[in-house]
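The chain contents come next:
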Amino acid sequence: MSENPFAATRRCTGANLNSEPAMQLTPEQIAQFDRDGYLFFPRQFSPEETQALLDAVPELYAKRDAFNVREKGRDAVRTNFAAHMVSKPFGKLGRHPRMIEPVEMLLGEKLYMHQFKVNGKMAFEGDVWQWHQDYGTWLNDDMMPTERAMNVAIFLDDVNEHNGPLMFIPGSHKRGVVAAKHDLSTTSYPLWTVDNELITSLVERAGGKNGGIVSPKGPAGSMILFHSCLVHASTSNLSPWNRVAVYLSLCAVSNHIRRHKRPEYIAHRDFTPIECLPDDCLLQDYPVDLPWKDGMPGSALQTSTVPFDAQKAAA
Ligand code: SIN
Ligand code: MN
């Protein structure tokens, strides 16, 4: 794949400029996504754009709020949720056409933000993410009807072989939802994880030592799109380099979740379609709605195991 596949065609549709042509994925990229379950875009965001995001992280991580999950027994932040509701640079990233438009193209529909994380994986302290699929959790916990949702990873630090890069099993998304068990003890964050036996067979089928596991690595500003059923993991970070990365989970609007078993800061409840800001939004000032700027409302912590249409019908 070329260094920056969108360079020639990058345009901003903007919130009110939908007649402008959108960025296009090539037929080869669409076929590659279908086959492998991911696409890698090195240097999708410039060093200046990436720095504007990274500069906003310390203030977010300093907050003693439920939306900051710290590493087991440590103060280092493992994952920060909902930064797009709190912080202007991340609010703008959540509406960025270089991220939204290729996902709209792959899912063929307008999107809403299902989940927004800024994962620390801090130097010496960042813990593992066990082997898992994201859609398994979204189905089991949130009742998301189908897998029509996409993960986007954006590196805010350089990612190399030492600081815990993501590992993918190419093509594993083709298996749909695989068996998983709810792991509540390995790390500070509960996860539906896939057992070693199944991982071994998926890796063998994907090529074993010849490509059965891949790790896209590259400079800060690089972006990965990956299928919600792609099996992935990452090791701990024993290096002296942070590996801060943003993970956005975008869901097709018609595929919105059907219950609120998890708090709103983990699984969002606003299904309004995302409208893009202009392409230069990370370096310019644009108005962005930040509903949780002055704190999360109590309602964001309320949960229920009852699907919300059943709740409405009973009311
Ligand atoms: C995730 O799978 O949600 C995070 C993985 C990572 O940060 O390495
Ligand atoms: Mn994941």
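Worth saying up front: this structure is predicted, and the values here are computed from it rather than measured.

A. Representation of the overall build of the protein chain. A tally of regular secondary structure across the protein chain gives eight helices and twelve strands. Counting only C-alpha atoms and orienting by the principal axes, one finds that the protein chain spans roughly 50 × 50 × 40 Å. Buried residues in the protein chain amount to 45% of all 315 residues. Of the contacts made within the protein chain by residues no fewer than 6 positions apart, 84% connect residues no fewer than 24 positions apart.

B. Molecular detail of the site of ligand 1. As a structural note, the neighbourhood of ligand 1 is formed by Asn 119, Lys 121, Trp 129, Leu 166, His 232, Ser 234 and Tyr 247. When the residues that make up the shell around ligand 1 are grouped by side-chain class, the tally is three nonpolar, three polar and one charged.

C. Quick peek at the environment of Arg 258. Along the polypeptide, Arg 258 turns up in the loop between strand 12 (245-252) and helix 8 (308-314). It is 33 Å that separates the C-alpha atoms of Arg 258 and Ile 213, two residues lying 45 residues apart in sequence. Once residues lying within four places of it in the same chain are set aside, the contact partners of Arg 258 are Met 143, Pro 145, Pro 307, Phe 308 and Asp 309.

D. Spotlight on the nonpolar core. Residues Val 152, Ile 154 and Leu 250 are the most contacted members of the largest nonpolar core, which totals 72 residues. Leaving out residues up to four positions away in the same chain, Leu 250 has contacts with Val 103, Leu 111, Met 113, His 114, Ala 149, Met 150 and Val 152.

E. Examining the sheet that holds strand 6 (residues 149-155) more closely. In space, the seven strands of this open sheet follow the order 1-10-6-12-4-3-2, with antiparallel pairing throughout. Of all strands in the sheet, those with a lone pairing partner are strand 1 (38-41) and strand 2 (68-70), marking the two edges. Geometrically, the sheet is characterised by an average inter-axis angle of 15 degrees between neighbouring strands, direction not taken into account. As judged from the four bridges shared by strand 1 and strand 10 (residues 223-227), these two strands associate in the antiparallel manner. Counterpart to Phe 41 in the pairing with strand 10 is Met 223. Docked against the sheet, helix 5 (residues 97-107) engages strand 4 (111-119), strand 6, strand 10 and strand 12, running at close to 155 degrees with respect to strand 6.

F. Molecular detail of helix 6 (residues 134-142). When you tally the buried positions in helix 6, you get seven out of nine residues, the bulk of the element. Buried residues of helix 6: Asp 134, Tyr 135, Gly 136, Thr 137, Trp 138, Asp 141 and Asp 142, and no others. Lining the buried residues of helix 6 we find strand 5 (129-132), strand 6, strand 9 (191-193) and strand 12. Following helix 6 by one or two positions, Met 143 adopts a phi angle in the positive range, close to 55 degrees.

G. Region of the structure containing the pairing of strand 4. A large share of strand 4 lies buried, amounting to eight of its nine residues. Across three bridges, strand 3 (residues 77-81) lies against strand 4 in antiparallel orientation. Across the sheet, Thr 79 pairs through a bridge with Asn 119, a residue of strand 4.

What counts and how
- Residues numbered from 1 in each chain as written.
- Chains lettered and ligands numbered in written order.
- Predicted model: local features only at pLDDT ≥ 70, side-chain atom pairs only at ≥ 80, totals over all residues.
- Helix = DSSP H or I, 4+ residues; strand = E, 2+ residues; numbered from the N terminus.
- Buried ≥ 20, exposed ≤ 12 C-beta atoms within 10 Å, placed from the backbone.
- Contact = placed C-beta atoms within 7 Å.
- Near = placed C-beta within 6 Å.
- Nonpolar A, V, L, I, M, F, W, Y, C, P; charged D, E, K, R; others polar.
- Core = buried A, V, L, I, M, F, W, Y, C linked by C-beta atoms within 7 Å.
- Pairing = 2+ DSSP bridges.
- Axes fitted to C-alpha atoms, helices over the stretch in contact; angles between N-to-C directions.

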